[in-house]
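A look at the structure
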Amino acid sequence: MSMKQSPMSPSKHSSNGNASVLPLENCFSDSLSMLNSEKAVEELIQQPLLHGIDDHLIEFSEALRTVAKALRQAAEGKASAQAEASEWKRKYELEKSRNLQLEKRAMPSEKHLDENGRVAHLTNKPVLSDAVEKSDRCCGEHGICSHQVLRDGEHDHDASVVPNKMSRKASFKLSWCCKGDKSDQKKHDIVSFEKGNITTAERSSKQISLKWESPPQTVLILTKPNSTAVRMLCSELVRWLKEQKSLNIFVEPRVRTELLTESSYYQFVQTWENDKEILFLHRKVDLVVTLGGDGTVLWAASMFKGPVPPVVPFSLGSLGFMTPFYSEHYKEYLDSILRGPISITLRHRLQCHVIRDSAKSDLDSEEPILVLNEVTIDRGISSFLTNLECYCDNSFVTCVQGDGLILSTTSGSTAYSLAAGGSMVHPQVPGILFTPICPHSLSFRPLILPEHVTIRVQVPFNSRGHAWASFDGKDRKKLAPGDALVCSMATWPVPTACQADSTSDFLRSIHEGLHWNLRKTQQAFDSPRET
């Protein structure tokens, strides 16, 4: 019984070698034309080998695998170089901002004649009192002053946007405070390197105290929308601040319309007309009062792209970890805060840049976004696992395969990161939480990274789907393969007032808000039962 040989059988190749050369050459030509991208290489690798293929095709397949590995290494090298460039850009911007501040301080005032022939002075910074000038000189010795926390490096030619009728802002000084003279917690952190030993000579409680050097004059009130109780409290608060404290009041346009609908008495309330005026609110406002929950505090922080005035958050929401003040006693609280000094918590923010694959460099990025809680990268509506390559400075961290990743501040450690299994962290601990969302791995545990690092999260080219980034739960952006998200600690924190101190407020919030470690107390067998 004879059997017909297959066209691709080995005997066919041996008996008719000339006929087989041409198809093989065409195969090699087609394969080489597909090497223009890593995706094409991966497709070739995944193709099954034909039965009876010769050694040359096996060697060619191994060569393709080597090329694919080299392309992956090149992509990782590119991502590392981009992360390094982003870090240098951030350092350059910080240095540029410092230089501008030094130039503004050092530039002498100039004289010119105004329209009436009188001598007028031009200077690059307002004339401050002797106490303020003294505090500028003593910052490095005794604490943090207001110009170090709430002053930006913009030129004064932008100040033309600010109306001339507005008085200058109140000045204040921030300093470390300790728990009494006999406490072992001192005011400064001093690390000693003498005699080859590294020791922390003095410790700090890191509790920061704010002391007004001139009285506050302007208050911005931000409210939770669509709440009758909040609207009634806002009108009462505005009237009290104007009549009892003689303060200038700023509100959102929506709130001003509501107040004028209620009564024409509120004609004195001021607001802004466009987004450009919002950029300069920090030059007008001395204090921010929020009426709502944590969402209202997040909204207040998002309005300030640079320096943020001190925020006094009143609890009128469903759940609040950043709102320690009860609205029923707002008069007593505001009396104490306006007199000062008060304890504050400096809540760090993350600065996020989205860099598209089409960008020529990391400098060619979209407008930065500041977040107070977290930035989340997830799979959106896709049914595929998220595939994210993560880098910390120049080091590869991991490849996230799961529902997504959360990059959180310590203030946001009690929000989405906590629900995803992250740890609760004191808000004044400077760090970045690295928390995966439902990772497909039993060993993927959350991380806490230092505040000085730059984190880069990139969607690889071989990802099955897009990723989506959301910033404090809004401003959702799509990340296509090749796009990246770069996050680092922002320059300007959000200072929030404390009812007692930072630690007491934090512990009270997790006890009352989460009922942390609440259980029945274990008793001895012979003790009386609780009724």
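Residues numbered from 1 in each chain as written. Predicted model: local features only at pLDDT ≥ 70, side-chain atom pairs only at ≥ 80, totals over all residues. Heavy atoms only, no water.

Taking an unreviewed UniProt entry as the reference, the protein chain is identified by name as NAD(+) kinase belonging to Anisodus tanguticus. According to UniProt, the comment filed for the protein chain under the heading Sequence similarities (unreviewed entry) is "Belongs to the NAD kinase family." As stated in UniProt under Catalytic activity (unreviewed entry), the record for the protein chain gives "NAD(+) + ATP = ADP + NADP(+) + H(+)". (UniProt positions renumbered as here; feature names shortened; annotations may be inferred.)

1. Thoughts on the overall build of the protein chain
Check the secondary structure of the protein chain and you find 13 helices and 26 strands. Looking at the protein chain as a whole, 42% of its 531 residues qualify as buried. Residue pairs at least 24 apart in sequence account for 67% of intrachain contacts in the protein chain once pairs closer than 6 positions are excluded. Summed over its atoms, the accessible surface of the protein chain is roughly 30,400 Å², and 53% of this surface lies on carbon and sulfur atoms. (Helix = DSSP H or I, 4+ residues; strand = E, 2+ residues; numbered from the N terminus. Buried < 20%, exposed > 50% of the residue type's maximum accessible area, 1.4 Å probe, protein only. Contact = heavy atoms within 4.5 Å. Areas by Shrake-Rupley, 256 points an atom, 1.4 Å probe, with all protein chains shown as cover.)

2. Thoughts on empty space enclosed by the protein
Taken as a whole and judged by the stated rule, the model has three cavities of 30 Å³ or more. Considering only enclosed or pocket space, the largest cavity measures out at about 110 Å³ in volume. Every residue lining the largest cavity is counted, twelve residues in all, and those nearest its centre are S86, K89, R90, Q351 and H353. Ranked by residue count, the leading element in the lining of the largest cavity is helix α4 (residues 55–106), at four residues. Classifying every residue of the lining of the largest cavity by side-chain character gives two nonpolar, six polar and four charged. By volume, the second largest cavity is sized at about 50 Å³. In this structure, the second largest cavity is lined by R379, S382, F384, L385, T386, N387, L388, V459, S463, G465, H466 and A467. Per element, the largest residue contribution to the lining of the second largest cavity is three residues, and it comes from strand β18 (residues 386–392). (1 Å grid on protein atoms, 1.4 Å probe; cavity = no way out; pocket = protein on both sides within 12 Å on 5 of 7 lines; lining within 4 Å. Points joined across faces, edges and corners; volume = space filled by probe spheres on them. Nonpolar A, V, L, I, M, F, W, Y, C, P; charged D, E, K, R; others polar.)

3. Thoughts on the environment of L447
Tracing the chain through its elements places L447 in strand β21 (residues 447–450). It is 8.1 Å that separates the C-alpha atoms of L447 and G422, two residues lying 25 residues apart in sequence. Other than its neighbours up to four places away in sequence, L447 contacts V397, I432, L433 and F434.

4. Digging into the pairing of strand β24 (residues 474–479)
Working note: regular strand, side chains alternate between the two faces of the sheet. Relative to β24, strand β23 (residues 467–471) runs antiparallel, the two sharing four bridges. Paired with A467 across the bridge in β24 is L479. (Pairing = 2+ DSSP bridges.)

5. Here's the deal with the pairing of strand β22 (residues 455–458)
Here β22 shows no split at all, with I455 and V457 on one side and R456 and Q458 on the other all buried. In this structure, β18 lies alongside β22, joined through four bridges in antiparallel fashion. Note that in β22 the partner of C390 across the bridge is V457. Bridge count between β22 and strand β25 (residues 484–489): four bridges; the pairing is antiparallel. Its bridge partner lying in β25, I455 is registered against C487.

6. Some thoughts on the pattern of salt bridges
For the coordinates displayed, the defined rule picks out nine salt bridges. Residue R254 pairs with E252 through a salt bridge whose shortest N-O separation is 3.4 Å. On the basis of relative accessibility, which here comes to 30%, the residue R254 falls in the partly exposed class. A relative accessible area of 9% means that E252 is categorised as buried. In this structure, the salt-bridge partner of R254 is E258, at a minimum N-O distance of 3.6 Å. Taken together, the residues span about one helical turn, with R254 and E258 both in helix α8 (residues 253–262) at a distance of four residues. (Salt bridge = Lys/Arg side-chain N within 4 Å of Asp/Glu carboxyl O.)

7. Describing the side chain of Q351
If you trace the backbone, Q351 turns up in strand β15 (residues 350–355). Only 3.3 Å separates the side chain of Q351 from the side chain of H353, close enough to count as a polar contact. Aside from chain neighbours lying at most four places away, what touches Q351 is P368, I369, L370, V486, C487, S488 and A490. (Polar contact = N/O pair within 3.5 Å; in protein donor to acceptor, adjacent residues only side chain to side chain.)

8. Description of the packing of helix α7 (residues 228–245) against α8
Two numbers describe a pair of packed helices, the interaxial angle and the distance between the axes. Two elements in contact, α7 and α8, have axes whose closest approach is 11 Å; the angle formed by their N-to-C orientations is 80°. By the angle class used here, α7 and α8 are roughly perpendicular. Contact residues: R231, C234, S235 and V238 in α7; V255, E258, L259 and E262 in α8. Broken down by class, the residue content of the contact of α7 with α8 amounts to four nonpolar, one polar and three charged. (Axes fitted to C-alpha atoms, helices over the stretch in contact; angles between N-to-C directions. Parallel < 35°, antiparallel > 145°, perpendicular 65-115°, else oblique.)

9. A word on the packing of α7 against helix α11 (residues 330–339)
Their axes nearest at 12 Å, the elements α7 and α11 cross at an angle of 45°. The pairing of α7 with α11 is recorded here as oblique in orientation. Here α7 and α11 pass one another in a crossing that is right-handed. Between α7 and α11, the residues in contact are L233, E236, L237, W240, L241 and K245 and Y330, K331, L334, D335 and L338, respectively. When its residues are assigned to classes, the contact of α7 with α11 shows seven nonpolar, no polar and four charged. (Left-handed = near helix turned anticlockwise from the far one by under 90°.)

10. Overview of the confidence of the model for the protein chain
For the protein chain, the average pLDDT comes to 77, and 69% of its residues sit at 70 or higher. Contacts of residues 1–35 to residues separated by more than four positions or lying in other chains number 19 contacts, the stretch itself having pLDDT below 50. (pLDDT = per-residue confidence, 0-100.)

11. So, the packing of aromatic side chains
Tallying each qualifying case throughout the model produces nine aromatic pairs. Considering the side-chain rings of Y266 and F268, the 6.4 Å spacing of their centres and the 45° angle between planes classify their relative orientation as tilted. For Y266, a relative accessible area of 2% gives the class buried. Judged by its relative accessible area of 23%, F268 is partly exposed. Considering the side-chain rings of F314 and Y333, the 6.4 Å spacing of their centres and the 50° angle between planes classify their relative orientation as tilted. Taken together, the residues span a long stretch of sequence, with F314 in strand β12 (residues 311–315) and Y333 in helix α11 at a distance of 19 residues. The pair F314 / Y333 is uniform in exposure class, with both members buried. An aromatic cluster of at least three residues, connected via ring pairs, comprises Y265, Y266 and F268. Geometry around Y265 places R239 over its ring, the cationic atom sitting 4.2 Å from the centre. (Phe/Tyr/Trp six-rings, centres within 6.5 Å; stacked < 30°, edge-to-face > 60°. Lys NZ or Arg CZ within 6 Å of the ring centre and 35° of its normal.)

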